[in-house]
Amino acid sequence: MIKEKVAIKYLILIYWTFFFLTGVIDKIVPDVYPFWVGADFYTLFIKLFASLEIKNPIYATITLAGVSLIEVMTFVCYLFALCGLFFKNESSSDQWFNRGVSLSILLFSFFTMGDQVFGDRFTLLEHSIFWIILVVSWVLFNHNSLLGEQSFELRFTGEVKIGLILWAAIVLIISYFNFGFSKNTFANKFKPVHGEEVVEGIYKFDFPFLADKRTLENTISSFENKHPELEINYLYTGPNELNTKKKTHMLLYVFTEEKPTEVN
Amino acid sequence: MLGSLCSCFCRLFNRMINLDVEKTTKIKANGNLIRYLILIFWALFWLFNVLDKFVGGAHYLFVGKDRFAQIQRYFDSIGLGNPMVTNFTLTFTAALEAFALVCFLGALYHLIRKNLESNRVWFFLGISTTLTVYIFFSIGDQIFGDHSELLEHALFWFIALLSWIIFNRNNQFHIFDNFSISKKPILLFTLFAIIIGSVTCFSIFRHNQIAFKERTQAVHAKRISANKYKIEFPFLAGSSAFESTIAKFKEQHTDLRINFIYTAPKPMRLGQSDGLIIYLQTEEK
């Protein structure tokens with residue numbers, strides 16, 4: 001028998017525990033490493049403070065450390081709440097959750113103040129959204145018991161078996177298509193892109209979504225090998241406005257001209 | 001005739017959402033309408049996500065999102081460039097999404113059969129799977145450092161949580177309970193809808209006739225100094241318009257060579273009223 005309200009509590013707690021755990025790891029690992037990219041908060045804080053004419057890095061560093069400390073405390077609260085729920089100590093779990101959520105709401109309120117000071121309206125929206133999600137999580141965590149002690153039991157009835165068979169069939173079909181798609185398209189990651197001459201001396205390259213800097217380098221080198229008579233004198237990246245909405249990854253125009261013939 | 005059409009529409013609507021329609025077209029809704037709407041949303045949401053995984057890449061009538069490319073790039077950024085890692089992650093994600101789809105379809109089936117207890121259980125399983133999917137995605141977003149995706153996934157997690165509470169407590173909201181539609185407001189509504197709709201459609205079709213050619217048409221380059229030209233593209237312009245503009249420019253100025261193109265950045269444009277603006281720098285051949 002699984003109680004709905006307990007399951008929802010678990011899902012809310014797991015979400016916020018991992019949210020703050022990964023947030024804390026992101027502060028511990030400040031740069032790009034194998035298995036972790038994260039966001040560079042140090043650079044962000046330095047730039048934000050520089051925009052206020054506070055160029056001494058100590059202020060940004062102290063602020064970042066302060067924010068990280070609150071995040072660590074919040075994470076510990078959620079972790080204790082999760083452990084309390086797991087060990088069936090519901091009142092302790094509720095208390096720790098309330099502490100965690102209060103700290104989180106306080107933290108996001110603090111962030112929104114900062115966003116206003118630094119004039120970053122998009123981040124203000126982002127932090128306000130997280131703030132309201134926290135408030136609603138709090139209400140649902142504490143008051144979902146008003147729904148009553150609804151619970152459900154998983155039994156292998158006929159319809160459950162049909163559901164599982166349908167699910168397995170969908171997963172098998174998707175896997176087949178996924179693996180096939182990967183096999184057919186992965187080569188695009190490194191393969192040079194074919195250029196099309198759209199105007200005399202101007203070639204257009206429509207890069208696939210998998211393409212990155214290596215594809216660009218291979219494309220240019222392959223183009224130079226194919227057209228030894230041409231000299232690339234300019235590269236122009238097609239801005240987003242020229243793209244067909246979500247269909248185009250990157251457009252590149254290569255402007256060329258005939259190499260001057262050498263006179264012996 | 002209009003009245004009978006309206007009452008026909010009401011009866012059809014009633015069949016779909018289990019409403020009691022009286023002869024005077026008075027409608028009394030029960031609380032299931034919001035449940036149907038929530039279930040249809042989530043079933044279609046996951047159906048299209050699953051379809052997107054089948055299709056892979058942009059095709060005729062379906063562009064979707066190239067998830068393989070997106071996830072492969074993410075894993076490549078953390079040093080796991082092997083496509084098998086991407087394939088297994090994508091398959092695992094698709095399995096969770098397909099499970100949520102099956103649960104919501106099961107919930108919809110039980111709601112149609114008016115088996116509310118089973119409907120609740122299937123819906124709860126669907127919502128739990130949806131919440132789990134978004135927990136999993138949010139962890140990934142933090143690892144890969146994509147905070148706009150983190151916000152998007154947090155919002156979906158939140159929407160799923162709210163859907164669950166509204167689905168279970170919809171009887172206390174009184175949103176669609178007991179509203180009535182008599183013939184006079186329906187006639188007025190139809191009249192207004194037809195008049196305003198006709199004006200809107202006329203304007204849209206007229207604009208289509210005038211403006212569609214801008215998608216590919218060459219744009220005039222305005223000389224702003226001795227060797228610099230400004231080109232202001234309309235909003236509809238795509239890559240073909242850019243190419244024909246450059247071709248026309250080269251044709252008109254055979255003595256000039258383009259040696260630099262500068263794209264005016266967004267802060268240099270007038271609010272939302274300017275489209276793409278480029279500056280060509282040229283030199284004598």
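So, how was this worked out
- Residues numbered from 1 in each chain as written.
- Chains lettered and ligands numbered in written order.
- Predicted model: local features only at pLDDT ≥ 70, side-chain atom pairs only at ≥ 80, totals over all residues.
- Helix = DSSP H or I, 4+ residues; strand = E, 2+ residues; numbered from the N terminus.
- Rg over C-alpha atoms; globule rule 2.2 N^0.38 Å.
- Axes fitted to C-alpha atoms, helices over the stretch in contact; angles between N-to-C directions.
- Contact = placed C-beta atoms within 7 Å.
- Nonpolar A, V, L, I, M, F, W, Y, C, P; charged D, E, K, R; others polar.
- Pairing = 2+ DSSP bridges.
- Domains from an automatic or database assignment.

Visitor: Just give me the short version of the overall build of chain A, but keep the residues and values in it.
Guide: Of the regular secondary structure elements, chain A holds seven helices and six strands. Moving toward the C terminus, one meets the helices and strands of chain A in the order β-α-α-α-α-α-β-α-β-β-α-β-β. For 264 residues, the compact-globule estimate of 2.2 N^0.38 gives 18 Å, and the C-alpha radius of gyration of chain A, at 28 Å, exceeds that figure by more than 25%. Along the longest, intermediate and shortest principal axes, the C-alpha atoms of chain A span 90 × 65 × 30 Å.

Visitor: Pulling in residues and values, what's your account of the packing of helix α6 (residues 158–185) of chain A against helix α2 (residues 32–55) of chain B?
Guide: It is at 7 Å that the axes of α6 of chain A and α2 of chain B come closest, and there the two elements cross at 40°. Together, I170, I173, I174, F177 and N178 of chain A of α6 of chain A and V50, K53 and F54 of chain B of α2 of chain B make up the contact between the two elements. For the contact of α6 of chain A with α2 of chain B, a count of residues per class yields six nonpolar, one polar and one charged.

Visitor: Just give me the short version of the sheet that holds strand β3 (residues 196–199) of chain A, but keep the residues and values in it.
Guide: Spatial strand order, β3-β4-β6-β5 (chain A): four strands in an open sheet with antiparallel pairing. The open sheet has two free edges, formed respectively by β3 and β5 (230–238) of chain A, since each of these has just one partner strand. With direction set aside, neighbouring strand axes in the sheet form an average angle of 35°. Sheet analysis places β3 of chain A next to strand β4 (residues 202–207) of chain A, joined by three bridges and oriented antiparallel. Opposite V199 of chain A, over in β4 of chain A, you have I202 of chain A as the bridge partner. Relative to β3 of chain A, helix α8 (residues 239–252) of chain B is tilted by about 60°, and along the sheet it contacts β3, β4, β5 and β6 (250–258) of chain A.

Visitor: Now, about the domain arrangement of chain A: what can you tell me, with residues and values included?
Guide: For chain A, the assigned domains are domain 1 (2–152) and domain 2 (189–258). Here domain 1 of chain A and domain 2 of chain A have C-alpha centroids that lie 43 Å from each other.

Visitor: I'd like a rundown of the pairing of strand β6 (residues 277–284) of chain B, residues and numbers included.
Guide: Residue and element names in this part refer to chain B. In this structure, strand β4 (residues 228–232) lies alongside β6, joined through five bridges in antiparallel fashion. By the bridge assignment, K230 is partnered in β6 with Y279. The pairing of strand β5 (residues 256–263) with β6 spans seven bridges and is classified as antiparallel. Directly across from I258, in β6, lies its bridge partner T282.

Visitor: Describe the pairing of β6 of chain A, and please don't skip the residues or the numbers.
Guide: Residue and element names in this part refer to chain A. The pairing of β4 with β6 spans six bridges and is antiparallel. What sits directly across from D206, in β6, is L251. The pairing of β5 with β6 spans eight bridges and is classified as antiparallel. Across the sheet, residue T237 finds its bridge partner in β6, namely L252.

Visitor: For the interface of chain A and chain B, give the residues involved together with the corresponding values.
Guide: Taken residue by residue, the interface counts 58 residues in chain A and 62 residues in chain B. Residue assignment for the side of chain A that touches chain B shows that the elements contributing at least two residues are α1 (4–28), α5 (121–143), α6, β3, β5 and β6 of chain A. The element contributing the most residues to the side of chain A that touches chain B is α6 of chain A, with 15 residues. Here the residues of the side of chain A that touches chain B are counted per class, giving 39 nonpolar, eleven polar and eight charged.

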